[in-house]
Amino acid sequence: MDPVPEPPPLRRTPVQRRSAERLTRILDACAQLLEEAGYEELSTRDVAVRAGVPIGSVYRFFSNKRAMAAALAHRNLDRYAERVAARLAGPPRGPVVDVVLDEYLAMKRTVPGFGLVDFGVPVSAGDPAEGSAGGPDRTADHLVNHLVADRICGLLAAHLGRTADATLRRKVLVAVEATDALLQLAFRAGPPGDQELIDETRALLRAYLAPVLPD
C-alpha cells in the first residue's frame, strides 16, 4: 500500500448540504466501483456516472482518481475510529484489543472497496507522478500506520483514562504494523480471510498488549 499521511485537501470544501451530499455520493460510487472492478480500472468518469453527477462535479473536489481514493481512505479511517469509539463506550464485551481488531475485520468483510482501499491507496503505474523524480513520492510510505496508530492510541487512552504516553504509542504502533502484515497474509485469498491466521493475530495482540491494556 502507498499510504496517505494526511487528509488531502479537496479542491473545493462543501459548504452547503447539497454539495456535501454530492461528495458523499461520489465517494460511495468510488467504493462500489473499487469493489467491482479494482483500482486499475477506476476512472473519474465512471464514478460520475455511478454517482449520478456531472463529471465536472467530481473534478470540483478531486484532481484525479488517486486524490478521490485518498479521500475515501481517510473517510474509512474516520468511520473505523467512530465504530471503535462506539464499541468502547458501550458495555464491556471481552478484551479491549478485540474491539480494535473486530471492527477492522467487520469493515474488511462488509464495506465496499475496503479490501483495496482501507486506510491507504494502492500503488498504480497509471497514477500521475507525485515525486520530483518523475514517480510517486515514496517518503510517506510508512506513515499510514503511524496515522492509524495515533488514532487508536487516542481512543484507547481516552477509554482507559490515561495519558497517551510514549510507551502506549510505541506499543500500539508495533501492534498496528504487525497486524497490518498478518492480515494482509490472512486476506490474500480474499474475504472472509484465513480464520486460523486471524486467530493467531488475535493471540499475538492480546499477549503483546497485555502490559498496557486491561482485559
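Residues numbered from 1 in each chain as written. Predicted model: local features only at pLDDT ≥ 70, side-chain atom pairs only at ≥ 80, totals over all residues. Heavy atoms only, no water.

### Quick notes on the overall build of the protein chain
Link 1 in the chain: What the protein chain contains, in helices and strands, is eight helices and two strands.
Link 2 in the chain: For the protein chain, the succession of helices and strands along the chain, N to C, is β-α-α-α-α-α-β-α-α-α.
Link 3 in the chain: Burial status across the protein chain gives 41% buried among its 215 residues.
Link 4 in the chain: For the protein chain, contacts bridging at least 24 residues in sequence account for 72% of all contacts bridging at least 6.
Link 5 in the chain: For the protein chain, the exposed surface amounts to about 11,300 Å²; the carbon and sulfur share of it is 54%. (Helix = DSSP H or I, 4+ residues; strand = E, 2+ residues; numbered from the N terminus. Buried < 20%, exposed > 50% of the residue type's maximum accessible area, 1.4 Å probe, protein only. Contact = heavy atoms within 4.5 Å. Areas by Shrake-Rupley, 256 points an atom, 1.4 Å probe, with all protein chains shown as cover.)

### Things to note about the packing of aromatic side chains
Centre distance and the angle of the planes are the two values used to describe a pair of aromatic rings.
Link 1 in the chain: Under the counting rule described, the total for this entry stands at six aromatic pairs.
Link 2 in the chain: Between the aromatic rings of Y80 and Y104, the centroid separation amounts to 6.3 Å while the plane-to-plane angle is 85°, which identifies the pairing as edge-to-face. Taken together, the residues Y80 in helix α4 (residues 65–89) and Y104 in helix α5 (residues 96–110) connect sequence positions 24 residues apart. As far as burial versus exposure is concerned, Y80 and Y104 are alike and both buried.
Link 3 in the chain: Where Y104 meets F114, the ring centres are 5.4 Å apart and the plane angle is 65°; that geometry is what we call edge-to-face. Residue Y104 is found in helix α5, and its partner F114 is found in the loop between α5 and β2 (120–121); the two are separated by ten residues along the sequence. Like Y104, the residue F114 is buried in the burial classification. (Phe/Tyr/Trp six-rings, centres within 6.5 Å; stacked < 30°, edge-to-face > 60°.)

### Observations regarding the side chain of R75
Link 1 in the chain: Within the secondary structure, R75 sits in helix α4.
Link 2 in the chain: When its relative accessible area of 14% is taken as the criterion, R75 is described as buried.
Link 3 in the chain: Other than its neighbours up to four places away in sequence, R75 contacts T24, L27 and D28.

### As for the packing of helix α7 (residues 166–186) against helix α8 (residues 195–209)
For any two helices packed against each other, one specifies the inter-axial angle together with the distance between the axes.
Link 1 in the chain: Across the interface, α7 lies against α8 with an axial gap of 10 Å and an inter-helix angle of 170°. On the basis of the axis angle, α7 is roughly antiparallel to α8. Contact with α7, carried on its side by R170, K171, V172, V174, A175, A178, T179, L182, L183, L185 and A186, involves L197, I198, T201, L204, L205, Y208 and L209 of α8 and no other residues of that element.
Link 2 in the chain: Of the residues in the contact of α7 with α8, the class split is 14 nonpolar, two polar and two charged. (Axes fitted to C-alpha atoms, helices over the stretch in contact; angles between N-to-C directions. Parallel < 35°, antiparallel > 145°, perpendicular 65-115°, else oblique. Nonpolar A, V, L, I, M, F, W, Y, C, P; charged D, E, K, R; others polar.)

### Let's talk about a negative patch on the surface
Link 1 in the chain: On the surface, a cluster of negative charge is contributed by D194, E196, D199 and E200.
Link 2 in the chain: You can see D199 is positioned in helix α8.
Link 3 in the chain: For D199, a relative accessible area of 39% corresponds to the partly exposed category. (Patch = residues over 30% accessible without salt bridge, like charges linked within 9 Å, V, L, I, M, F, W, Y side chains within 5 Å. Salt bridge = Lys/Arg side-chain N within 4 Å of Asp/Glu carboxyl O. Lys, Arg positive; Asp, Glu negative; His and termini not counted. Charge placed at Lys NZ, Arg CZ, Asp CG, Glu CD.)

### Some details on the pattern of salt bridges
Link 1 in the chain: Evaluation of the coordinates by the stated rule reveals eleven salt bridges.
Link 2 in the chain: In this structure, the salt-bridge partner of E36 is R50, at a minimum N-O distance of 2.9 Å. Placement of E36 in helix α1 (residues 17–37) and of R50 in helix α2 (residues 44–51) is noted, with a sequence separation of 14 residues between them.
Link 3 in the chain: Note on E36: relative accessible area 52%, which makes it exposed.

### Structural notes on the packing of α4 against α5
Link 1 in the chain: Contact geometry for α4 and α5: axes closest at 10 Å, N-to-C directions at 140°. With respect to each other, α4 and α5 are oriented oblique. Taken as a pair, α4 and α5 cross one another with a handedness that is right-handed. Taken together, the residues of α5 that come into contact with α4 (itself represented by N76, R79, Y80, R83, V84, R87 and L88) are V96, V99, V100, D102, E103, Y104, A106 and M107.
Link 2 in the chain: For the contact of α4 with α5, the class distribution of residues is nine nonpolar, one polar and five charged. (Left-handed = near helix turned anticlockwise from the far one by under 90°.)

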